[in-house]
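Here is what each chain is made of, one letter per residue.
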Amino acid sequence: MFQLDDFTHEPRIAYFSMEIALQNDIPTYSGGLGVLAGDTMRSATDLELPVVAVTLVSRAGYFHQQLDAEGKQSETPMQWNPADHAERLNAKIAVMIEDRTVWISAWLYILAGHMNGQQPIILLDTDVAENSAEDRKITDTLYGGDSAYRLKQEVVLGIGGARLLQALGFEVRQYHMNEGHSALLGLELLRRFKYPSDDLRPDESPYDIPRVRELCCFTTHTPVEAGHDRFDYGLVQRMLGDIVDVVTLKHLAGDEALNMTSLALNLSEHVNGVAKRHAEVSRKMFPGYRVKAITNGVHPYTWASPSFAKIYDHHLPGWCHEPELLVRADCCISDEEILQAHRLAKASLIDKIESLTGATFDARLPTLGFARRMTAYKRPDLLFSDIERLKSIARNQPFQIVLAGKAHPHDEGGKQLIAALYRHVRELDGVVNMIFLPGYDMDIARLMVAGVDVWLNTPLRPMEASGTSGMKAAFNGVPNLSVLDGWWIEGCIEGVTGWAVGDSVESANGDDALALYDKLEQVVLPLYQEQDRWVKVMKGAICKNASFFNSHRMMRRYTTEAYIR
Ligand SMILES: *Cc1c(COP(=O)(O)O)cnc(C)c1O
């Protein structure tokens, strides 16, 4: 049996995240944030950094997506059994919620690297006999329920997680809050570092705030206002009582409502956004804070398809540990090997499409891929804003399209977008072969980012904090065609790594559809017919983007800039 002592003998970075994509059949993630958290831990493993991750067990998962013939989404729980993958730990701690004691137990999942190294992942679980039926469900549904449910989850994650680490004997050298969901851990730390009251002068804070700040760093992930959790102080008072005094709390988390982002900003020494542009936008959103940029990356071994991993292994051994080696891919790997690796990846995707839906796709046709959370600012419908124009492009230069993505259960707009995409499939029938794959998850993402020819992204600027699926495509020599937002502002070299939709970061969004049609018709589709020039762009994506936009670089930066200061 596995020994917890293997992990508690040295101080570790405690990485707190509401969701972590550990493996495809563990539904403790909803999308980009969770996949990033998983890639963060996978890189920490490969680099043998001392980290411990804390998240919720989410027994009912995110959800299983069902789509009827009209593209109407319905959700069913995606139940999983933690005992199949993790070991129950003996420790149990309590938090107070609504004046009740809520017990929190935990599971240990070991994330084992494909090279060496392993990381402990602590999955918090309130489903224990001591708790009321209602409290046993706190750690069930990821992003489910109302704001009271969410606040309870965040109490469990932040306060419960910090207490549990202590009970298990972890010495934490730095707490990393991946998004504001875990910011209540700062309140737990304030309680730990409280001055004796007879030492205080009038109006002096009873807490050693600088000491807490020294211990914390925070990554903010979205410029979308609704993405920042806020809780009414009435609710906070009812749930938490006086966890810290109200003057201190309002000072740190805002006067009107408890803003988790403000709390995290005020209690963290290091704060960063997830791309250079996102850091700039965040500095405007939160004036007065030093928000640095650490641009996201993706995990090399996870996102390179087997056919590409094989040629990298052969020509650039060590790339899994040192993905910078991929800068040499253009010279070390022949055009034919790149094209052959891509043919294999494309065949796997076409097989999967057929087995999932019965639809047949043509391996010779250029294929556009678009998959991400279905929500308004991602604009999955931009490509279809002028169906006649799209048809006329396709009549001269045929292509096909693969789509996927889930809409959050409460996001009606997102659900309507999926239904609209289903209508477009019918409108395009006979001219453009198009399919929407249900149940977007890591496995489908892996096949799509490698098996299409062009990876499309059309968000509304500046809402895409980073975006990571385009980086996954780069690992497979798939160029991006994307609006200049998030990571693509840094990653796009026109005609070398892919193409921009609209040429300016600031340009009016209204022109994006026109720019997209023009670029597709006049640049991308014609180039696809010239294989020797096309393969140069594939190599450009690998050399210039995969070598840089990987989570090893990201973790080396977190280590030197956030963890060791
Ligand atoms: C990578 C990934 C995402 C995030 O993609 P974005 O480009 O950031 O939107 C979401 N869901 C899954 C399953 C993924 O693999």
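For the structure, check the block above.
Just so we're clear, the structure is a prediction, and the values are computed from it rather than from any experiment. One numbering rule holds for all chains: residues counted from 1, following each sequence as written. Totals for whole chains, interfaces and linings use all residues, but because this is a predicted model, local features are given only for residues with pLDDT of at least 70 and pairs of side-chain atoms are given and counted only at 80 or more. Hydrogens are left out, water is left out, and the side-chain values use all remaining heavy atoms of the structure.

*Asks:* I tried to follow the pattern of salt bridges on my own but got confused; where do I start?
*Replies:* Oppositely charged side chains are able to pair whenever their charged atoms sit close together. For this analysis, a salt bridge means a side-chain nitrogen from Lys or Arg found within 4 Å of a carboxyl oxygen belonging to Asp or Glu. Under the defined criterion, the tally for this structure stands at 35 salt bridges. With its nearest N and O atoms 3.0 Å apart, the salt bridge here joins Asp362 to Arg364. Only protein chains enter the accessibility calculation, which uses a 1.4 Å probe. A residue is then buried if its area is under 20% of the maximum for its type, exposed if over 50%, and partly exposed in between. The class of Asp362 is partly exposed, set by a relative accessible area of 24%. The salt bridge partner of Glu521 is Arg389, with a shortest N-O separation of 2.8 Å. Placement of Glu521 in helix α19 (residues 512–528) and of Arg389 in helix α14 (residues 387–396) is noted, with a sequence separation of 132 residues between them. According to the relative accessible area criterion, Glu521 is partly exposed, its value standing at 22%. Put simply, Arg59, Arg88, Asp125, Asp127 and Arg136 are held in one network by salt bridges that share partners. Each helix is a run of DSSP H or I of at least 4 residues and each strand a run of E of at least 2, with the numbering of both proceeding from the N terminus.

*Asks:* Just to check I follow, could you spell out the site of the ligand for this structure?
*Replies:* Within the structure, the ligand sits among 14 residues, and Lys378, Gly467, Thr468, Ser469 and Lys472 are positioned closest to it. Polar contacts, as counted here, are pairs of nitrogen or oxygen atoms within 3.5 Å of one another; within protein the pair requires one atom able to donate a hydrogen and one able to accept it, and residues that are adjacent in sequence qualify only if both atoms are side-chain atoms. Contacts to the ligand include Thr468, whose backbone N or O atom sits 3.0 Å from an oxygen atom. At 2.5 Å, a side-chain N or O of Ser469 approaches an oxygen atom of the ligand. When residues of the shell around the ligand are traced back to their parent elements, those giving at least two are α2 (32–46), α16 (442–451) and α17 (469–474). When residues are sorted by character, Ala, Val, Leu, Ile, Met, Phe, Trp, Tyr, Cys and Pro go into the nonpolar class, Asp, Glu, Lys and Arg into the charged class, and all the rest, Gly among them, into the polar class. Of the residues in the shell around the ligand, the class split is five nonpolar, five polar and four charged. Summarising the domain contributions, the shell around the ligand has at least three residues from each of domain 1 (10–296 + 555–563) and domain 2 (303–549). Definition of nearness: a residue and a molecule or strand are near each other if at least one heavy atom of the residue lies within 4 Å of the molecule or strand. Domain ranges listed in this record stem from an automatic or a database domain assignment.

*Asks:* Hey, could you run me through the nonpolar core in this one?
*Replies:* The nonpolar side chains of a soluble globular protein tend to be buried with one another. Core analysis: the biggest nonpolar cluster contains 91 residues, and Leu383 and Phe399 have the highest contact counts within it. Mapped onto the domain boundaries, this core takes at least three residues apiece from domain 1 (10–296 + 555–563) and domain 2 (303–549). Working rule for contacts: check all heavy atoms of both residues, and any pair within 4.5 Å makes them a contact. Discounting residues that sit within four places of it in the chain, Phe399 has contacts with Leu365, Pro366, Leu368, Leu390, Ile393, Ala394, Val432, Asn433, Leu520 and Leu525. Among buried residues, the Ala, Val, Leu, Ile, Met, Phe, Trp, Tyr and Cys ones that are joined through side-chain atoms within 4.5 Å form a nonpolar core. With 74 residues, the next largest nonpolar core counts Ile138, Cys216, Val236 and Leu240 among its residues.

*Asks:* How should the packing of α14 against α19 be read in this particular structure?
*Replies:* The description of two packed helices rests on the angle between their axes and on the distance between the axes. In this analysis an axis means a line fitted to C-alpha atoms, helices contributing only their contacting stretch, and an angle means the value between N-to-C directions, from 0 to 180 degrees. Taken N-terminus to C-terminus, the directions of α14 and α19 make an angle of 0°; their axes are 11 Å apart at the nearest point. As summarised for this structure, α14 and α19 are arranged roughly parallel, according to the angle between their axes. Counting all contacts with α14, which are made through Arg389, Leu390 and Ile393, the residues of α19 involved are Leu514, Tyr517, Asp518, Glu521 and Leu525. Class assignment of the residues belonging to the contact of α14 with α19 gives a composition of five nonpolar, no polar and three charged. Oblique is the label for any angle not under 35 degrees, not over 145, and not in the 65 to 115 range, which are roughly parallel, roughly antiparallel and roughly perpendicular in turn.

*Asks:* For this particular structure, what's the right way to read helix α21 (residues 551–563)?
*Replies:* Every α-helical turn comprises 3.6 residues, leaving residues that sit three or four positions apart pointing alike. Its 13 residues place the ends of α21 only 15 Å apart at the C-alpha level, less than the 18 Å of an ideal helix rising 1.5 Å per residue. Along α21, the residues that are buried comprise Ser551, His552, Arg553, Met554, Met555, Tyr558, Thr559, Ala562 and Tyr563. Where α21 is buried, its residues contact β1 (12–17), α2, β8 (172–178), β9 (216–219), β12 (270–273) and α10 (300–303). At the N-terminal end of α21, a side-chain oxygen is found 3.2 Å from the backbone nitrogen of His552, two or three residues along, and the residue is Asn550. For a helix, the expected span equals 1.5 Å multiplied by the residue count minus one.

*Asks:* In this structure, what is going on with helix α11 (residues 306–315)? I would like to understand it.
*Replies:* Among the residues making up α11, those that are buried are Ser307, Phe308, Ala309, Ile311 and Tyr312. Of the surrounding secondary structure, the elements contacted by the buried residues of α11 are α13 (335–357) and α20 (531–546).

*Asks:* I would appreciate a short explanation of the pairing of β1 in the present structure.
*Replies:* A regular strand places its side chains so that they alternate between the two faces of the sheet. A large share of β1 lies buried, amounting to six of its six residues. Burial of β1 is two-sided: the residues Arg12, Ala14 and Phe16 facing one way and the residues Ile13, Tyr15 and Ser17 facing the other way are all buried. We call two strands paired when DSSP finds no fewer than two bridges between them. In the sheet, β1 pairs with strand β2 (residues 51–56) via four bridges, with the strands oriented parallel. Opposite Ile13, over in β2, you have Val51 as the bridge partner. Handedness of a crossover is defined as follows: with both strands directed away from the viewer, a clockwise route from the first strand across the helix to the second makes it right-handed. The parallel pair β1 and β2 is bridged by α2, and the resulting crossover is right-handed.

*Asks:* What should I look at first to understand the sheet that holds strand β15 (residues 400–404) in this one?
*Replies:* The strands making up a sheet associate through backbone hydrogen bonding, with each pair oriented either parallel or antiparallel. Here six strands make up an open sheet; going across it, the order is β16-β15-β14-β17-β18-β19 and the pairing parallel. Two strands lie at the open edges of the sheet, namely β16 (433–437) and β19 (498–501), each paired on one side alone. Across this sheet, the average inter-strand angle for adjacent strands is 20°, counted without regard to direction. Where β15 lies against β16, five bridges are found, and the strand directions are parallel. Residue pairing in the sheet places Val402 in a bridge with Ile435 of β16. Docked against the sheet, α13 engages β14 (367–371), β15 and β16, running at close to 70° with respect to β16.

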